[in-house]
Amino acid sequence: SWQAFALLLGVVACFLARAEARFDRIGVAEGLSQATILCAHHGPAGFVWFCTQEGLNRFDGHRFRVFRRSEQTGLGDSLIYGLVDAPDGGFWVATGYRGLFHFDPILERFRPIPLFDGPQTFRIQDLLVDDAGAVWIATENVGLWRLDASTERAENIWSGADVLKLLQDRSGTLWIGTFDKGL
């Protein structure tokens, strides 16, 4: 009868509600490059990526592959603050001291994406890909930038600001959180 089914469903729900969460710790001993995680991202190829102070870590469920600053990979900095998907299946990578990079998953190489002429020695604090596919880049003291993903040309939207966080809401409004200028 439906009453017996409802009772059984209630018992199962109570049992599941009391089940304890299980946590596994994964650290440096398991291959992670560094224990401070600055971002985590589940990529389109199924890998989980972790940003740390000592490189970008790709986890396949069993092992880590660590990408650090090197001429071999093209990554210009080991301090990684964030990453977002690029339309080609790669990533835009935010670094702590060397600006923006693009990761090509087929070649497993990075290349710098200059926002302006001159040294790219600034921190990217957040990245966002908006509904139109533009990449928004929040920087420390270099302002807010918008990158056209197809041409890789950047435009300075708000010069000199210390932009910390970016969010696009359901209506398409871009919210910009700053260090000392509010929203």
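That block above? That's the structure.
Residues numbered from 1 in each chain as written. Predicted model: local features only at pLDDT ≥ 70, side-chain atom pairs only at ≥ 80, totals over all residues. Heavy atoms only, no water.

## Observations concerning the sheet that holds strand 2 (residues 48-52)
For clarity, the cut-off: Between any two strands, at least two bridges found by DSSP are needed for them to pair. Runs of E in the DSSP output that reach at least two residues are strands. Runs of H or I that reach at least four are helices, and both are numbered from the N terminus. Orientation is described by lines fitted to C-alpha atoms, with helices fitted over the stretch in contact, and by angles between N-to-C directions that extend from 0 to 180 degrees.
An order of 1-2-3-4 is seen for the four strands of this open sheet, with the pairing classed as antiparallel. In this open sheet, the two edge strands, each paired with only one partner strand, are strand 1 (37-42) and strand 4 (64-67). Ignoring strand direction, the axes of neighbouring strands in this sheet form an average angle of 20 degrees. Bridge count for strand 3 (residues 55-59) against strand 4 is four bridges, and the pairing is antiparallel. The partner of R58 across the bridge, within strand 4, is R65.

## Description of the state of the cysteines
Under the convention used in this document: Throughout, disulfides are identified as pairs of cysteine sulfur atoms within 2.5 Å of each other. Any residue under 20% of the maximum accessible area for its type is buried, any over 50% is exposed, and the rest in between are partly exposed; the area is computed with a 1.4 Å probe on protein chains only.
For the structure shown, the criterion picks out one disulfide. Disulfide pairing is shown between C39 and C51; the S-S distance is 2.0 Å. One end of the pair, C39, is in strand 1; the other, C51, is in strand 2, and twelve residues separate them in sequence. Here C39 and C51 have matching classes, each one buried.

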